[in-house]
Amino acid sequence: MATTEEMRLDGNAVAGLLGEVFAAEMTAAVVRCAHCGTAGAVATAQVYAHGPGVVLRFPGCTGVVMRFARVRGHVVADLHGVGMLSAP
Ligand SMILES: [Zn+2]
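Reading the values: rules and limits
Per-chain numbering applies: the sequence of each chain, read as written, is numbered from 1 onward. The predicted nature of this model means local features are confined to residues of pLDDT at least 70 and side-chain atom pairs, given and counted, to a pLDDT of 80 or more, with totals for whole chains, interfaces and linings taken over all residues. Side-chain measures were taken over the full set of non-hydrogen atoms in the model, leaving aside hydrogen atoms and water. Comment: elements are numbered from the N terminus, with helices defined as DSSP H or I runs of at least four residues and strands as E runs of at least two. Throughout, a contact is declared for two residues whenever any of their heavy atoms are within 4.5 Å. Should DSSP find at least two bridges between two strands, the strands are regarded as paired. In this analysis an axis means a line fitted to C-alpha atoms, helices contributing only their contacting stretch, and an angle means the value between N-to-C directions, from 0 to 180 degrees.

Draft legend 1. Up close: the environment of Pro59. With respect to the helices and strands, the residue Pro59 is situated in the loop between strand E4 (54-57) and strand E5 (64-71). For the pair Pro59 and Glu25, spaced 34 residues apart in sequence, the C-alpha to C-alpha distance is 20 Å. Apart from the residues within four sequence positions on either side, Pro59 is in contact with Thr44, Ala45 and Gln46.

Draft legend 2. Inspection of the sheet that holds strand E6 (residues 74-78) at higher detail. Taken in spatial order, the four strands line up as E3-E4-E5-E6 in an open sheet, and their pairing is antiparallel. Each edge of the open sheet is held by one strand with a lone partner, namely strand E3 (46-48) and E6. Geometrically, the sheet is characterised by an average inter-axis angle of 15 degrees between neighbouring strands, direction not taken into account. Of the pairings in the sheet, the one linking E4 to E5 comprises four bridges and is antiparallel in character. If you follow Val55 over to E5, its bridge partner there is Arg67.

Written out as structure tokens, the structure reads:
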């Protein structure tokens, strides 16, 4: 019987799963707000794009769900407000 330690993989093992979630057209994805627990399509978010980054707020509670910024040519995502994300 393999131990939990022996069964552990590294992040490369989920390359396919991550590709399915993040390479999909995500505006139809359903996101559950980590602040209030309500779920809705990403397309319904309130978007504030006039600052140095882009902020998505959940329409019901206006909690910050996602933040994106471009730093030295890389897109940096802060998803701490995402309780669950379901790709279409
Ligand atoms: Zn919320």
